[in-house]
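Next come the chains, spelled out residue by residue.
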Amino acid sequence: MSEVSKTAGAPGEVVPAQRSGTEDTFLSVRDLRIHFQTDDGLVKSVDGVSFDVKPGETLGVVGESGSGKSVTSLGILGLHRAAPNARISGEVWLDGEELIGADPDHVRRLRGQKMSMIFQDPLSAMHPYYTVGAQIVEAYRVHNKVTKKAARTRAIEMLDRVGIPEPGKRVDSYPHEFSGGMRQRAMIAMALVNNPQLLIADEPTTALDVTVQAQILDLIRDLQKEFGSAVIMITHDLGVVAEMADKLLVMYGGRCVERGTAEQVFYEPQHPYTWGLLGSMPRIDRDQTERLIPVKGSPPSLINVPDGCAFNPRCPYADIPKDDITRTTRPELTETGNGHFSACHMAQEERTRIWTEEIAPKL
Ligand SMILES: Nc1ncnc2c1ncn2[C@@H]1O[C@H](COP(=O)(O)OP(=O)(O)OP(=O)(O)O)[C@@H](O)[C@H]1O
Ligand code: SF4
Ligand SMILES: [Mg+2]
């Protein structure tokens, strides 16, 4: 069946799973759809996204603003389920358990323990009326039978590890007493306090200076090394994912347009939108004026999603596939080789030729 014709279930409705994840994946997302009923119409924020992440593996999720990256991650954590205007369908398998159809209390218990998230907006993750330390202590004690004193020691240790100066004192500060960057770090400390097996990091380093950025990425790597955690790293900064990611997923208009290993997506990209993203990637070996070539045009509407390829209005190669198919038929994700998938009507030989002869030499 075409993915285009499907919509998620009725508002608040939860569509239970029929299949199970594979043995060696820790997180398996299948055909996830998260739609919001609004006064303007149905917003298809996430529209049929599938991927797997194994223990110890990092999946990088890239795509421009509004492509559905945050909605996907909040969906995995079950955080849209309370929204009365949300329609959710698909499957989210975490360590062999399906979560979309699971008891919300059970999913809530898994949050902060087995799976945890570094939110894009630190204020949304911290309560303004409690000290930073009290919140980390609470997050730790919910899942560990330890004394308050031991939990406080753990909170101070975590604040120290994320680079907060004088953690023994700052543990008693309120979130508003921290600068934006410090709040971000405190939230990261809270997200990591229970050594989660799945960490979703949504733009984790955007507000931070380069030194702290490196420190946070090291911390995430340590977590992975020590506990074999699976990590989803959402970012606009392809530099971050180039360093960290084993696999990449490129999102456009609520859908995945390309996914594969980081090597495949960086060195043999198959989708014209990915070429655009790579062209807009900062390069340290070029001068500033040459660095950023943004993808021209604006992201597609998620309400009146047109037929055909959502990237068509911005795609410089839209006329290459024959019979005007890009304007009438949505390209499905198709394997182009060895676990590398791309959603484009252009013949693979043509894409390979354009990439190797026209695009890659200019990057
Ligand atoms: N509760 C909601 N109701 C209606 N629309 C929503 C809701 N939450 C998100 N959206 C819409 O879903 C789309 C995807 O949003 P999302 O936050 O996932 O984008 P993003 O890829 O994370 O962008 P950014 O890079 O700016 O963080 C946006 O158009 C957003 O306006
Ligand atoms: S299907 Fe056509 S319009 Fe869409 S990305 Fe491929 S070439 Fe461009
Ligand atoms: Mg976001």
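As recorded in an unreviewed UniProt entry, the chain goes by the name Dipeptide/oligopeptide/nickel ABC transporter ATP-binding protein, listed as coming from Streptomyces purpureus. Quoted straight from UniProt, the Subcellular location (unreviewed entry) entry for the chain says "Cell membrane". If you open the UniProt record of the chain and go to Sequence similarities (unreviewed entry), you find "Belongs to the ABC transporter superfamily."

Student: Summarise the sheet that holds strand 4 (residues 86-94); cite the residues concerned and give the values.
Tutor: Ordered in space as 2-1-4-5, the 4 strands form an open sheet in which the pairing is antiparallel. Each end of this open sheet is capped by a strand with a single partner; those strands are strand 2 (41-53) and strand 5 (97-98). One ladder, built from 2 bridges, connects strand 4 with strand 5; its direction is antiparallel. By the bridge assignment, Trp-93 is partnered in strand 5 with Glu-98.

Student: Describe in detail the pairing of strand 4, supporting the description with residues and values.
Tutor: Taking burial as the measure, the 9 residues of strand 4 include 9 buried ones, the bulk of the element. Taking every second residue as pointing to the same face, both faces of strand 4 are buried, with Ala-86, Ile-88, Gly-90, Val-92 and Leu-94 on one and Arg-87, Ser-89, Glu-91 and Trp-93 on the other. Where strand 1 (residues 27-38) and strand 4 come together, 8 bridges link them in antiparallel fashion. The residue of strand 4 that forms the bridge with Phe-36 is Ala-86.

Student: Summarise the layout of surface pockets; cite the residues concerned and give the values.
Tutor: Taken as a whole, the second largest pocket holds about 690 Å³ of empty space. In terms of lining, the second largest pocket is formed by 24 residues, of which the most central are Arg-111, Gly-112, Ala-125, Ala-139 and Met-190. Contributions of two or more residues to the lining of the second largest pocket are made by helix 2 (104-110), strand 6 (115-118), helix 3 (122-125), helix 4 (132-143) and helix 7 (180-192). It is helix 4 that contributes the most residues to the lining of the second largest pocket, 6 residues altogether. For the lining of the second largest pocket, a count of residues per class yields 14 nonpolar, 6 polar and 4 charged.

Student: Describe in detail the pattern of salt bridges, supporting the description with residues and values.
Tutor: This model, assessed by the stated rule, comprises 18 salt bridges. Its salt-bridge partner being Arg-161, residue Asp-222 comes within 3.8 Å of it at the nearest N-O pair. Of this pair, Asp-222 sits in helix 8 (residues 210-227) while Arg-161 sits in helix 5 (residues 148-161), and the two are 61 residues apart along the sequence. Exposure remark for Asp-222: the relative accessible area of 32% places this residue in the partly exposed category. A salt bridge links Arg-353 to Glu-358; the nearest nitrogen and oxygen atoms lie 3.4 Å apart. What emerges from the salt-bridge pattern is a single network uniting Asp-31, Arg-33, Asp-47 and Arg-255.

Student: Describe the coordination of the magnesium ion (ligand 3), with residues and values.
Tutor: At 2.0 to 2.3 Å from the magnesium ion (ligand 3) lie its protein donor atoms, namely Ser-70 (OG) and Gln-120 (OE1). Taken together, the positions of Ser-70 in helix 1 (residues 69-76) and Gln-120 in the loop between strand 6 and helix 3 put the pair 50 residues apart, joining distant regions of the chain. We classify Gln-120 as partly exposed; its relative accessible area is 42%.

Student: Explain the site of ligand 2 residue by residue, including any values.
Tutor: Looking at ligand 2, there are 13 residues lining it, with Cys-309, Cys-315, Thr-326, Cys-344 and His-345 nearest. The class makeup of the residues in the shell around ligand 2 is 9 nonpolar, 4 polar and no charged.

Student: Outline the side chain of Glu-64, listing residues and values.
Tutor: As for its position among the elements, Glu-64 is in the loop between strand 3 (58-62) and helix 1. One polar contact links Glu-64 to Arg-314, side chain to side chain, over a distance of 2.6 Å.

Student: Summarise the nonpolar core; cite the residues concerned and give the values.
Tutor: With 64 residues, the main nonpolar core has Ile-220 and Met-233 as its most contacted residues. Among the elements that make up this core, the one with the highest residue count is helix 7 (8 residues). Residues from two domains meet in this core; each of domain 1 (124-195) and domain 2 (270-362) gives at least three. If you look at the next biggest cluster of nonpolar residues, it comprises 36 residues, including Leu-27, Ile-34, Leu-94 and Ile-100.

Student: Give a description of the environment of Val-43 that names residues and reports values.
Tutor: Here Val-43 lies in strand 2. The exposure class assigned to Val-43 is buried, which follows from its relative accessible area of 17%. Between the C-alpha atoms of Val-43 and Arg-87, which are 44 residues apart in sequence, the distance is 10.0 Å. Setting aside chain neighbours within four positions, we find Val-43 in contact with Ile-34, His-35, Phe-36, Thr-38, Leu-302 and Ile-303.

Student: Requested: an account of the side chain of His-80, with residues and values cited.
Tutor: In this structure, His-80 sits in the loop between helix 1 and strand 4. Under the relative-accessibility criterion, His-80 is labelled buried at 9%. Once residues within four sequence positions are removed from consideration, His-80 is found in contact with Ile-34, Phe-36, Val-71, Leu-74, Gly-75, Ala-86 and Ile-88.

Student: Requested: an account of the environment of Gly-337, with residues and values cited.
Tutor: Here Gly-337 is to be found in strand 11 (residues 334-337). Residue classification places Gly-337 among the partly exposed residues on the basis of a relative accessible area of 30%. Along the chain, Gly-337 and Gln-264 lie 73 residues apart, while their C-alpha atoms are 9.7 Å from each other.

Rules used throughout
Residues numbered from 1 in each chain as written. Chains lettered and ligands numbered in written order. Predicted model: local features only at pLDDT ≥ 70, side-chain atom pairs only at ≥ 80, totals over all residues. Heavy atoms only, no water. UniProt positions renumbered as here; feature names shortened; annotations may be inferred. Pairing = 2+ DSSP bridges. Helix = DSSP H or I, 4+ residues; strand = E, 2+ residues; numbered from the N terminus. Buried < 20%, exposed > 50% of the residue type's maximum accessible area, 1.4 Å probe, protein only. 1 Å grid on protein atoms, 1.4 Å probe; cavity = no way out; pocket = protein on both sides within 12 Å on 5 of 7 lines; lining within 4 Å. Points joined across faces, edges and corners; volume = space filled by probe spheres on them. Nonpolar A, V, L, I, M, F, W, Y, C, P; charged D, E, K, R; others polar. Salt bridge = Lys/Arg side-chain N within 4 Å of Asp/Glu carboxyl O. Donors = N, O, S within 2.8 Å, 3.2 Å for Na, K, Ca; no water. Near = heavy atom within 4 Å. Polar contact = N/O pair within 3.5 Å; in protein donor to acceptor, adjacent residues only side chain to side chain. Core = buried A, V, L, I, M, F, W, Y, C linked by side-chain atoms within 4.5 Å. Domains from an automatic or database assignment. Contact = heavy atoms within 4.5 Å.

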